[in-house]
Amino acid sequence: MNVKKILLLILPVLALAFGKKDTPRVFLAGDSTMAPKKATAAPETGWGMVFPAFFDTSAVKFENHAVNGRSTKSFRTLGHWDNMIARVHPGDYVFLQFGHNDSKVSDSLRYAPARTDYRDNLIRFIGEIRAKGGQPVLLTPVVRRKFDDKGQYVDQHGDYPAVVREVAAAQKVPLIDLWAKSKQLLERLGPDDSKRMFLNLPPATFLNYPDGKNDNTHFTPYGAALVAALVAEGVRESDMKLRDFLKRTEFEGKYAYELPVIDVPEFKPDTFNILDFGAKAGGIFLNTHAINTAIDTCSSRGGGVVLVPAGLWLTGPISLRNHVNLHVAQGALVQFSNDHEQYPLIRTNWEGLEAIRCQSPLSGMDQEDIAITGKGIFDGAGLAWRPLKRDKVTEREWKEIVASGGVLNEAKNTWYPTARALRGASMTRAGVVAEGFDEAKALEVKEFLRPNMLSLINCKRVLIDGPTFQNSPAWTLHTLLGTNFTLKNVTVKNPSYAQNGDGVDVESTRFFHIENCVFDTGDDGVCLKSGRNEEGRKRGVPTSDGIVKGCVVYKAHGGFVVGSEMSGGVRNIFVSGCTFLGSDIGLRFKTTRGRGGVVEDIYITDINMTDIPHEAILFDMYYNGKEAAEALKNPEMKKLPFTEETPTFRNIHIQNIACRGAEHAVYMQGLPESNVQQILVENSVFHSDHGVTCVEASGIHLKNVTLKTNTTDPAFFMLNSRNMTFEGVEVSGKASGGLRVEGRQAGDIKLSGSNVEKLGIQYGEGVPQGIIKK
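Since we're looking at a predicted model, the values are computed, not measured.

> Describe the overall build of the protein chain, and please don't skip the residues or the numbers.
Summing up its helical and strand segments, the protein chain has 15 helices and 48 strands in all. The C-alpha radius of gyration of the protein chain comes to 30 Å, within 12% of the 28 Å expected for a compact globule of 774 residues. Its C-alpha atoms give the protein chain principal-axis dimensions of roughly 90 × 75 × 65 Å. Classification of the 774 residues of the protein chain by burial places 56% in the buried group. Sequence-distant contacts in the protein chain: of pairs separated by 6 or more residues, those separated by 24 or more amount to 71%. Within the structure as shown, the protein chain displays about 31700 Å² of accessible surface, and the carbon and sulfur contribution to it stands at 50%. Taking the average location of the 90 positive side-chain charges in the protein chain and that of its 89 negative ones, the two points are 4 Å from each other.

The following block contains the structure:
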C-alpha cells in the first residue's frame, strides 16, 4: 500500500481524534409553555420554539423535547426522558422547566409534591445528565397570568419555584429564575397589556379557534418571544460557556434578545366593501358617511377588513375604529376634500402642547388593533392648508399659487390660503390652550390650525403596511402616547416646500418598528419626539424601545431626527440600514434650553448618505437660538444652573456611516451646563467640506474614522471640549491642520494611531497645556 493510500485512510481518524469537537446542543425538556406546537394549534407558541432565534445556530444546535401536559413524573413515565437522554453527549446542555403540571393533585399520573417527589425528580434528572457528560440547567416555572381586583399579581405556583432554587444551589447547577423574570414582566405590562402574551383570542379571528379562547397559561407568538428573551437574558447572566453563542446584532455590544419585541395586531377575515354602504367613485360624490359607516359597522361586529376598492374616492375625515383594518386596494386613490368646512375643530395636541386644531383626515383616539394596509394612495389636499414662502418655489409656481386665490402677508413673500390663516400666523402659538384659545377663538384662525394627515392618540397595536401618503396639510403620520406601532413598506411624499411636512413623528410612544419606508418630505423624515417643555415633562412619557430599519429619505430637513420636542425623553432606539439622499442633515439631534429630558442609549449603524447640504451628523442643543453662533464667538458662554429644564444628550453609538458630500461631517453643539456626552462614532467615512466640530462636548470617541475635507480649515475643531479620543483617525484632503483646540475649559485629548498630530495641532489663547495624551 502506498503512502497516499495510507494517508487517505488515517486522515479521517486523525480529524476525529484531534479536530474540532461536535457542535454543542441544547436540549429542552419541559411542559407545554416550552413545547413545539403543530400548525393546527396556531397561534399557540411555546417559548422553546423562539429560543433558538437568539443564538448563532451555526455554532449551537437545539432539540426541543418538551411535551404538552407533562410533569417531572409523567415526562419520565411516558418515555420522553429516556428518548431524550439517550441523545445527550458530553458538552451538551439540558434545560429543565417543569412545575405547571406537577401541582395537579387530582391527577395521579402527573402529581409530584414540590418538597418531595418534585425535588427528587429534579435531582435524579441532574444526576443522569451529568452521567452523560452534559450540563443541566434548571429553570423555575414561568408564571401564569392572574391579577386581583386591585391589579396586583397573584402567584399560582406555590413552593415549586423555591424548590428549584434550592436544588440548583445544593447541586451547583446553573439557575435561570424564569418565575421571577416573567412575574416582573407581567407586572410591568399590567393586567390589560399582559393578556396579549397569552391565548386570549377573540372569536372568528384565528382559524384554529373559531369560538375564541381565554387561556392565561399558553403563549401567543408575541408572548413566547418575550419569554424566550428572558431565558436568553438568563443565559447571558450566567457563567455558562453557552453565553458565547448568543446572537449578536449589528449594534455594537447588543444581542438579539435585547431588541424590542413589537406586538402586531391580527384581524378577522370578514370584509366590508364601502360600495355596500353607498360609496361612489369618480371624485365628485363625497364618501365621508359611507366610509365611516362601513368602519363603524365592521368594528361593532367584532372587527375585520373595510375594503376601499380601486377608484377615486373623495371624502372628508375618516375615523379609525377598534379591530378594523382599512384596506386600500392597489389602484385606489382616497382624495381628502379641500373644503375646510369638512374638518371640525377638535381638542388635540400640537408639537407637544394641548391645542385646538382641525380634525385630521385620518384619525384614531383610544383605539386598539387598527390598521391601514394595501397599495392604494391617500392624498391630504395639503395645498389647501399650507402657507407657502416665495423663496421656496420658482417664479412660475409662485404666480400660479397667488392667482389661485388666498392672501399675501404684508411683506408679500408668504402666501396663505385664507385671511383667517394669515391672522393665525400673526398670533403667539395660535390654537394652544395655554395661550387662552377655546373653540370660539380658534374659529377665527381656523385654516391656520392645520391638521396632521394621520393622527393616532393613545392607540395600542397599530399596523400601517403598504400605502402611499402624500400632500399632507402638516405632519404626515403622527402617533402620540401609543404602544406597539408598526410602519412598513410605506411611501410618504410631500413637496419640498411643504412647511411642517414631516414624514412620521413618533411621540411618547413605546415599542415601535419602522421598516422599508420611503420619505420624500418638506421637513424631517423619521422624527422622534416626547413633548415640549413643562407639558412634556409633566406628561413624562418617553419615546422608547424602537427600531428604524431599511428606510430611504430623499428631500427632508433631516433623515433620522430626535427632537426638538423631547422633554419626556427618548431612549433605547435602534436605527440601521438607512439611506439619505439629499436630506438637509443626515442624523439630527436637536433640543434647547427649557426642554429638559434625556436622550440616551441610541444605537445607529450602517447608514449611507450622499449630497447632504449641511451636517452628516448634528447634535444641536441651541436649536432655533441665537446663542449657537454666539457660543462659537465667545468661548466663555454663561453656564446656567442644571435644572429640570436642562436637556441631556448622552450614550449615543454611531457606527458604519458613509457620507459622500456634506458641509460638515460631524457638528456637536452642547451647553456649558450640559455637554453633548459619551458619543461614539466608529468605522465611518466622511467626504465633506469641513470636518468635525465639537463645542461643549465631553467623552467623544472617534474610532477608525476616515475624513476627507475640501477646505483648508483644520480637520477637527474643539471648543471647551474634554475627554476626547481619536483612535485610528485618518485625515486627507485640503485641511491645513489636524486639530485646533480653543477654550479655557478644554480637557484631555487622546491620540492613538491617527495622523492628526502629524498634520499639526493649533492651540487657542488660554488653552491648558499638556492636554494632548498619547
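> Summarise the sheet that holds strand β5 (residues 175-176); cite the residues concerned and give the values.
The strand order β2-β1-β3-β4-β5 describes an open sheet built from five strands, whose pairing is parallel. Looking at the sheet topology across the chains shown, the edges are occupied by β2 (61-64) and β5. Of the pairings in the sheet, the one linking strand β1 (residues 25-30) to β2 comprises four bridges and is parallel in character. Note on β2: the bridge partner recorded for Phe27 is Glu63. Those strands touched by helix α5 (residues 114-131) are β3 (93-97) and β4 (135-139), and its axis lies near 155° from that of β4. Against the sheet, helix α6 (residues 160-171) engages β4 and β5, with an angle of about 150° to β4.

> Could you give an account of the sheet that holds strand β20 (residues 407-408), with specific residues and numbers?
Across a sheet, strands are paired by hydrogen bonds formed along the backbone, either parallel or antiparallel in direction. Pairing within the open sheet is antiparallel, and its three strands lie in the order β19-β21-β20. Across the chains shown, the open sheet's two edge strands, defined by having one partner strand only, are β19 (388-389) and β20. With two bridges connecting them, β20 and strand β21 (residues 414-416) associate as antiparallel partners. Note that in β21 the partner of Val407 across the bridge is Tyr416. Across the sheet, helix α10 (residues 395-403) lies against β19, β20 and β21, angled at about 35° from β21, the strand it touches most.

> Tell me about the packing of helix α7 (residues 178-193) against helix α8 (residues 221-237), residues and numbers included.
The interhelical angle for the contact between α7 and α8, taken along N-to-C directions, is 130°, at an axis separation of 10 Å. It follows that α7 is oblique to α8 by the angle criterion. Judged by the twist between their axes, the crossing of α7 over α8 is right-handed. Contacts between α7 and α8 involve Leu178, Lys181, Ser182, Leu185 and Leu189 from the former and Tyr222, Leu226, Val227, Leu230, Val231, Glu233, Gly234 and Glu237 from the latter. Of the residues that constitute the contact of α7 with α8, the class distribution is eight nonpolar, two polar and three charged.

> Report on the confidence of the model for the protein chain, specifying residues and quantitative values.
Here the protein chain averages 94 in pLDDT, and 96% of its residues register 70 or above. Segment residues 1-20: pLDDT under 50, and three contacts once partners within four positions in sequence are set aside and those in other chains are kept.

> Give a description of the nonpolar core that names residues and reports values.
The biggest cluster of nonpolar side chains holds 119 residues, and the ones touching the most others in it are Phe560, Phe589, Phe686, Phe716 and Phe726. Setting aside anything within four residues of it in sequence, one finds Phe716 in contact with Val692, Leu702, Leu707, Phe726, Val729, Val731, Gly738, Leu739, Arg740 and Val756. Judged by nonpolar contacts, the second largest core, of 48 residues, contains Leu178, Ala228, Tyr255 and Tyr257.

> Tell me what's going on with the packing of aromatic side chains, and back it up with residues and numbers.
By the definition in use, this model includes 23 aromatic pairs. Pairing Phe378 with Phe469 gives two aromatic rings, centres 5.2 Å apart and planes at 10°, and the pair type is stacked. Within this pair, whereas Phe378 is found in strand β18 (residues 377-379), its partner Phe469 is found in strand β24 (residues 468-470), the two being separated by 91 residues in sequence.

> With reference to specific residues and values, describe unusual backbone geometry.
Note on backbone geometry: most residues besides glycine have negative phi, and most peptide bonds are trans. For the peptide bond that leads from Ala42 to Pro43, omega is 15°, which places it in the cis range. With respect to the helices and strands, Pro43 occurs in the loop between β1 and α2 (47-50). With an omega dihedral of 0°, the bond running from Gly563 to Ser564 counts as a cis peptide bond. A positive phi angle, near 55°, is found at Asp366, a position not held by glycine. The residue Asp366 is located in the loop between β16 (362-365) and β17 (368-373) in this model. The partly exposed category is assigned to Asp366, whose relative accessible area is 47%. Its identity as a non-glycine residue notwithstanding, Ser508 has a phi of 45°, on the positive side. Among the structural elements, Ser508 can be located in the loop between β28 (504-507) and β29 (510-515). Accessibility expressed as a relative area gives 1% for Ser508, which makes it buried.

> Can you explain the pairing of β17? Please cite residues and give values.
With respect to burial, β17 is a largely interior element, five of its six residues being buried. Bridge count between strand β12 (residues 324-328) and β17: three bridges; the pairing is parallel. Paired with Leu326 across the bridge in β17 is Ile372.

> Describe the side chain of His157, naming the residues involved and giving the relevant values.
Along the chain, His157 falls in the loop between β4 and α6. Contacts of His157, omitting those with residues within four sequence positions, involve His100, Pro141, Val142, Val143, Arg144 and Trp179.

> Help me get a handle on the packing of α5 against α6, residues and values and all.
Their axes nearest at 10 Å, the elements α5 and α6 cross at an angle of 40°. Comparing their axes, α6 and α5 come out oblique. Considering only the axes of α5 and α6, their crossing is right-handed. Residues Ala114, Arg115, Tyr118, Arg119, Leu122, Ile123, Ile126 and Arg130 of α5 form the contact with α6, whose own contacting residues are Tyr160, Ala162, Val163, Val164, Glu166, Val167 and Gln171.

> Would you mind going over the pattern of salt bridges in detail, with residue names and values included?
All chains considered together, the criterion is met by 42 salt bridges. With a shortest N-O distance of 2.8 Å, Glu742 and Arg740 are connected by a salt bridge. The class for Glu742 is buried, based on a relative accessible area of 17%. Residue class for Arg740 comes out partly exposed when judged on its relative accessible area of 25%. Bridged by salt links that share partners, the residues Arg196, Asp263, Glu368, Asp369 and Arg461 form one connected network.

> Describe α5, and please don't skip the residues or the numbers.
Taking 1.5 Å per residue, 18 residues should reach 26 Å; α5 reaches 24 Å between its end C-alpha atoms and fits that length. Here the buried face of α5 lies against α3 (72-77), α4 (80-85), β3, β4 and α6. Immediately downstream of α5, the backbone of Gly133 shows phi near 80°, a positive value.

> Describe the environment of Val432, listing the residues and the values that go with them.
Tracing the chain through its elements places Val432 in the loop between α11 (419-425) and α12 (439-443). Under the relative-accessibility criterion, Val432 is labelled buried at 4%. Along the sequence, Val432 and Glu266 sit 166 residues apart, while their C-alpha atoms lie 37 Å from each other.

> A description of helix α9 (residues 288-300) should follow, citing residues and the corresponding values.
With 13 residues, α9 extends 18 Å from end C-alpha to end C-alpha; this agrees with the ideal 18 Å at 1.5 Å per step. All of the buried residues in α9 are Thr288, Ala290, Ile291, Asn292, Ala294, Ile295, Thr297, Cys298 and Ser299. On its buried face, α9 is in contact with β8 (271-273), β9 (304-308), β10 (311-315), β11 (318-319) and β12. Looking one or two residues beyond α9, the residue adopting positive phi is Gly302, at roughly 95°.

Conventions and cut-offs
- Residues numbered from 1 in each chain as written.
- Predicted model: local features only at pLDDT ≥ 70, side-chain atom pairs only at ≥ 80, totals over all residues.
- Heavy atoms only, no water.
- Helix = DSSP H or I, 4+ residues; strand = E, 2+ residues; numbered from the N terminus.
- Rg over C-alpha atoms; globule rule 2.2 N^0.38 Å.
- Buried < 20%, exposed > 50% of the residue type's maximum accessible area, 1.4 Å probe, protein only.
- Contact = heavy atoms within 4.5 Å.
- Areas by Shrake-Rupley, 256 points an atom, 1.4 Å probe, with all protein chains shown as cover.
- Lys, Arg positive; Asp, Glu negative; His and termini not counted.
- Charge placed at Lys NZ, Arg CZ, Asp CG, Glu CD.
- Pairing = 2+ DSSP bridges.
- Axes fitted to C-alpha atoms, helices over the stretch in contact; angles between N-to-C directions.
- Parallel < 35°, antiparallel > 145°, perpendicular 65-115°, else oblique.
- Left-handed = near helix turned anticlockwise from the far one by under 90°.
- Nonpolar A, V, L, I, M, F, W, Y, C, P; charged D, E, K, R; others polar.
- pLDDT = per-residue confidence, 0-100.
- Core = buried A, V, L, I, M, F, W, Y, C linked by side-chain atoms within 4.5 Å.
- Phe/Tyr/Trp six-rings, centres within 6.5 Å; stacked < 30°, edge-to-face > 60°.
- Salt bridge = Lys/Arg side-chain N within 4 Å of Asp/Glu carboxyl O.
- Expected span 1.5 Å × (residues − 1).

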